[in-house]
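Remarks on the overall topology
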Amino acid sequence: MVLKINKNKFEIFLEVAKELNSRFNVAPIIFCSLGLYRRIGEFGKSNDVDILVPSSLVNEKWSELIKLMQNLTFKLYNEKEHEFIRKKEIVAFGKQEDLVKNCKINSGFLEISNIKKVKFRQLLPEQYLLVYRFMLRDNYRQEKRGNADKKKIMLIEKYLQKATKAKTFSRS
């Protein structure tokens, strides 16, 4: 889906993803609200740009990732959370291996997209449902975010119900 409310954040994602493609030969995963809204439609503004990458980038190659982000005029904002900031826009990196570990989603089988010659991967709505259900178990996240994850689960379920009805109707 084309993003309107989050268009700027998606442009930032593409900017960072382009560099990850060329520097590390990595097709990152667009994640959390921004990725979800690309799939099911926009229901609000994303707080940040969440990107999943191989764990080696936030571990062994962390200093190289910091340099990449600095070259894009981002500053390290929160090292523990792997967050960078530029003009109030935050980009946060996570480990793609956590998808398998926490949600049983194999990142090697995600849909690959190519926009403006930038390759990236994205989850299906059904996979986002697994992710947000897992996030409900994170007490720290729930204290910080309130009912936001529950609302997203309801939006995903509603989207999936409509999609199922549309498929059933088109087969009739």
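The preceding data block contains the structure.
Presented here is an overview of the structure given in this document. (Residues numbered from 1 in each chain as written. Predicted model: local features only at pLDDT ≥ 70, side-chain atom pairs only at ≥ 80, totals over all residues. Heavy atoms only, no water.)

Moving on, we get to the side chain of Ser46. By the secondary structure assignment, Ser46 is in the loop between helix 2 (32-40) and strand 2 (49-53). The class of Ser46 is buried, set by a relative accessible area of 2%. In this structure the side chain of Ser46 is engaged in a polar contact, spanning 3.2 Å, whose partner is the backbone nitrogen of Leu34. Excluding anything up to four places from it in sequence, Ser46 contacts Asn6, Lys9, Ser33, Leu34 and Tyr37. (Helix = DSSP H or I, 4+ residues; strand = E, 2+ residues; numbered from the N terminus. Buried < 20%, exposed > 50% of the residue type's maximum accessible area, 1.4 Å probe, protein only. Polar contact = N/O pair within 3.5 Å; in protein donor to acceptor, adjacent residues only side chain to side chain. Contact = heavy atoms within 4.5 Å.)

So, on to the pairing of strand 7 (residues 118-122). Within strand 7, four of the five residues are buried, leaving the element largely enclosed by the surrounding structure. Of the strand pairs in this sheet, strand 1 (residues 29-31) and strand 7 are connected by two bridges, and their pairing is parallel. Residue pairing across strands places Ile29 opposite Arg121, the latter belonging to strand 7. Sheet analysis places strand 6 (residues 111-115) next to strand 7, joined by five bridges and oriented antiparallel. When the bridges of strand 7 are listed, Ser113 appears paired with Phe120. Connecting strand 6 to the next strand, strand 7, in antiparallel fashion are two residues, including Lys116 with a positive phi near 55°. (Pairing = 2+ DSSP bridges.)

What follows covers the environment of Phe43. With respect to the helices and strands, the residue Phe43 is situated in the loop between helix 2 and strand 2. Remark: the alpha-carbon pair of Phe43 and Phe10, spanning 33 residues in sequence, is separated by 15 Å. Not counting residues up to four positions away in its chain, the partners in contact with Phe43 are Tyr37 and Leu155.

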